[in-house]
Amino acid sequence: MNVFFRFTLDLPSESVNPKQGFHLGAINSLSGVGGHQLELLVLAQLTGNSSYSDRVARLRRFLQRNIQKQFYNAHAGYMDWVDVQAGTWFYTTTSGSGSGSGGSPGITGGKTLPTESLTVSFSSDGADYYRSLLSTFLQNPTSSDSATAESWILLEEALRSALRIGLFAASPNSSLIYSRSYSYSSDTYGDHMTADSCYLGGLLATSGRLLEDRLSANRSLGATDRKQELQLVHQLAVLAEGITETCSAVSRATNSGLPPSRWYFNAAQDGTNVGGSLETLFEKSYDLSGELAESYFVLHRLTGEEKYRTAAWELAQAIYRHCKIEGEVGVAAYAGLADVDLVPRTRNLGPGHQPAIFLSATLKYLYLIFSEGTVLPLDQWVFNTAGHPLPIRK
């Protein structure tokens, strides 16, 4: 793991060649930079080696002091892309090149980035950072350890910031609630949501419950402040349910019953992706990812509402019907779809591999939602960003 930090003391490179001793590109996503915090802290716990937890502390200090304040005085959310060498947010003026620190073309390591990438969002570019903050706190919620307490503070700040700058919106046509991006470069909002943002249902619901529990324990809070905090709790619950309902509705509207990787909310589309252009060629794909199953599982465990089991069963059936690959002795594996509207699979040239996340997260969450609450209960276990359970420390 240390080799990923070889080129900077605080921020890991996205990919490295340890044999030849160089890293492949100076640009990493917020997920790549901050999605490993839980694992580092657990390694510190198990080995007694504080160098792992020191990395988390340095990472957070770097984000808070060196990057977060670079453009704004107040907390305005973390940007999606980071130049790990220059220690700045990364953004482009032409596709695939440029840096907030005056970087040159080619530093992306072959990665094609959006034209305006000085953005904040809850998509896959930053998802694992926020999920890692939540799971780090949940894994040791009663600890006085500064890293654990700070995890909740950082996540709460990010959620309040997201509400303040308008990262959640409702479609004017159907009132579907969705998560969108915001570009500080152009002062514009994205008109789409991505399937990898469907984890938000679980994250927002869990965060709302945590905030509610902390409110109950805080007897010194004044009536006005308490009322405002309770409104936030309610807002998070509504958003959690609404975003998950949107992901379900979008899935049910496709011919396969599976969500496309991206869908739009604009004058022409309302939670759909009609495709038809080179730009949207890969936006109708489904990659067997587990974000939606994760939210179904978490919301069912937290609320007990049967509708989440029903939706999970629909998802499981759609995967079985359209993603299975037959072998000589039955089902050999599962693979994603290139186009969720192009069925049956014989007409669909999807990816020819089964991603690891399908077993570690998608199937695991689908299994757990139909299991008793005593199987990996959420008050005893926490799941990392890949769906692996870790015991909660008492």
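To be clear, the structure that these remarks concern was listed above.
In this report, we go over the structure that sits alongside the text. All of these numbers come straight from a predicted model, not from anything done at the bench. (Residues numbered from 1 in each chain as written. Predicted model: local features only at pLDDT ≥ 70, side-chain atom pairs only at ≥ 80, totals over all residues. Heavy atoms only, no water.)

The tally for this structure, following the rule as stated, stands at 11 aromatic pairs. Between Phe137 and Trp152, the ring centres sit 5.8 Å apart and the planes meet at 40 degrees, which makes this aromatic pair tilted. Placement of the pair is Phe137 in helix α4 (residues 124-139) and Trp152 in helix α5 (residues 146-165), with a sequence separation of 15 residues. With respect to burial, Phe137 and Trp152 carry one shared label: buried. Between Trp313 and Phe370 the ring centres are 6.2 Å apart and the planes differ by 85 degrees, which places this aromatic pair in the edge-to-face class. (Phe/Tyr/Trp six-rings, centres within 6.5 Å; stacked < 30°, edge-to-face > 60°. Helix = DSSP H or I, 4+ residues; strand = E, 2+ residues; numbered from the N terminus. Buried < 20%, exposed > 50% of the residue type's maximum accessible area, 1.4 Å probe, protein only.)

A separate point is the pairing of strand β12 (residues 262-265). Relative to β12, strand β11 (residues 192-194) runs antiparallel, the two sharing 3 bridges. Bridged to Thr194 within β12 is Arg262. Both β12 and strand β13 (residues 270-272) contribute to a ladder of 2 bridges, which runs antiparallel. Residue pairing across strands places Tyr264 opposite Thr272, the latter belonging to β13. In sequence, β12 turns back onto β13 through a hairpin of 4 residues. (Pairing = 2+ DSSP bridges.)

The subject of this paragraph is empty space enclosed by the protein. Enumeration according to the criterion identifies 3 cavities of 30 Å³ or more in this entry. Reported here for the largest cavity is a volume of approximately 60 Å³. In terms of lining, the largest cavity is formed by Ala195, Pro259, Tyr286, Ser289, Glu291, Leu292, Ala293 and Leu315. By residue number, the principal contributor to the lining of the largest cavity is helix α8 (residues 291-303), which donates 3 residues. Looking at the lining of the largest cavity residue by residue, the classes come out as 6 nonpolar, 1 polar and 1 charged. Volume-wise, the second largest cavity comes out at about 40 Å³. Forming the boundary of the second largest cavity are Trp152, Glu156, Leu159, Arg160, Leu211, Leu232 and Leu236. Sorting the residues of the lining of the second largest cavity by element identifies α5 and α7 (223-252) as the ones contributing at least two each. The dominant element in the lining of the second largest cavity, judged by the number of residues it contributes, is α5, at 4 residues. In the lining of the second largest cavity, the residues fall into 5 nonpolar, no polar and 2 charged. (1 Å grid on protein atoms, 1.4 Å probe; cavity = no way out; pocket = protein on both sides within 12 Å on 5 of 7 lines; lining within 4 Å. Points joined across faces, edges and corners; volume = space filled by probe spheres on them. Nonpolar A, V, L, I, M, F, W, Y, C, P; charged D, E, K, R; others polar.)

Right, let's talk about the pattern of salt bridges for a bit. Considering all chains together, one arrives at 12 salt bridges under this definition. For Glu305, the salt bridge goes to Lys307, with nearest N and O atoms at 3.6 Å. By relative accessible area, which is 33% here, Glu305 ends up partly exposed. Relative accessible area serves as the criterion here: at 30%, Lys307 is assigned to the partly exposed category. Several salt bridges share partner residues, and in doing so they unite Glu241, Glu245, Glu305 and Lys307 into one network. (Salt bridge = Lys/Arg side-chain N within 4 Å of Asp/Glu carboxyl O.)

Once that is clear, we can look at the sheet that holds strand β10 (residues 188-189). In space, the 3 strands of this open sheet follow the order β6-β9-β10, with antiparallel pairing throughout. At either end of the open sheet lies a strand with only one pairing partner, and these are β6 (119-120) and β10. When strand β9 (residues 182-183) meets β10, the two strands line up antiparallel, connected through 2 bridges. From the neighbouring strand, Ser183 faces β10, where its bridge partner is Thr188.

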